[in-house]
Amino acid sequence: MEKGKLIEKIENRLPELIEKAIDMRNYSYAPYSKFRVGAALLAKDGKIFGGCNIENAAYGPSNCAERTAFFKAVSEGVQDFSAIVIAGGPEEGIRDFCAPCGVCRQVMAEFCEADSFLVILAKSVEEYEVYTLSELFPKSFSPRDLG
Ligand code: THU
């Protein structure tokens, strides 16, 4: 399906998803980077899973907002997704579009069809950018490669 049609399919949920992602920044635990990220993951059954980044004094165990949302959903039995909205920025507010890190892109590739899963980077309900996962993460290694 072409990108315009994919956007059309979730357009009615977009304001709610963006507001949820922005609200999830309030739960972010980011005492080290002071960079708060929120995510809202839309499952194909219509459910929305929120996520925030959760840092750690040992740095390595830190988890991004996107993975928090994915792991919440998968741990509750949901594995089919349409889109994720990401909103991130310093404590003072969102200045730029916050793109997902490489590890989160890999986690998305595990569960989502790259040509149809939408990754939406939001500054506000009015200001957002929409990408397919394949635009952000082309030629990925995924379960399909293992046969
Ligand atoms: N972070 C996310 O949660 N998602 C992103 O898309 C980019 C980065 C987090 C990781 C870390 O807690 C903080 O933002 C600064 O990198």
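As a starting point, this report considers the structure included with it. (Residues numbered from 1 in each chain as written. Predicted model: local features only at pLDDT ≥ 70, side-chain atom pairs only at ≥ 80, totals over all residues. Heavy atoms only, no water.)

## A closer look at the packing of aromatic side chains
One pass over the structure, following the stated rule, counts four aromatic pairs. Look at F70 and F111: their rings are 6.3 Å apart centre to centre, the planes differ by 25°, and that puts the pair in the stacked class. Separated by 41 residues along the polypeptide, F70 in helix α3 (residues 65–75) and F111 in helix α4 (residues 102–111) bring together distant segments of the chain. The class of F70 is buried, set by a relative accessible area of 1%. For F111, a relative accessible area of 26% puts it in the partly exposed group. An aromatic cluster is built from F70, F81, F111 and F117, whose rings are joined through pairwise contacts. Above the plane of the ring of F97 lies K123, whose end atom (NZ or CZ) is 4.6 Å from the centre. (Phe/Tyr/Trp six-rings, centres within 6.5 Å; stacked < 30°, edge-to-face > 60°. Helix = DSSP H or I, 4+ residues; strand = E, 2+ residues; numbered from the N terminus. Buried < 20%, exposed > 50% of the residue type's maximum accessible area, 1.4 Å probe, protein only. Lys NZ or Arg CZ within 6 Å of the ring centre and 35° of its normal.)

## Things to note about the site of the ligand
With respect to spatial proximity, the complete set of residues near the ligand consists of S33, F35, V37, N53, E55, C64, A65, E66, C98, A99, P100 and C101. A distance of 2.5 Å separates an oxygen atom of the ligand from a polar atom in the side chain of E55. Take A99: an N or O atom from its main chain is 3.1 Å from an oxygen atom of the ligand. In isolation the ligand has 370 Å² of accessible area, and contact with the protein removes 78% of it. Placement of the ligand is best described as lying within the second largest pocket. If you list the elements that add at least two residues to the shell around the ligand, you get β1 (35–43) and α3. Among the residues forming the shell around the ligand, the class breakdown is eight nonpolar, two polar and two charged. (Near = heavy atom within 4 Å. Polar contact = N/O pair within 3.5 Å; in protein donor to acceptor, adjacent residues only side chain to side chain. Areas by Shrake-Rupley, 256 points an atom, 1.4 Å probe, with all protein chains shown as cover. 1 Å grid on protein atoms, 1.4 Å probe; cavity = no way out; pocket = protein on both sides within 12 Å on 5 of 7 lines; lining within 4 Å. Sits in = over half its atoms within 2 Å of the grid points. Nonpolar A, V, L, I, M, F, W, Y, C, P; charged D, E, K, R; others polar.)

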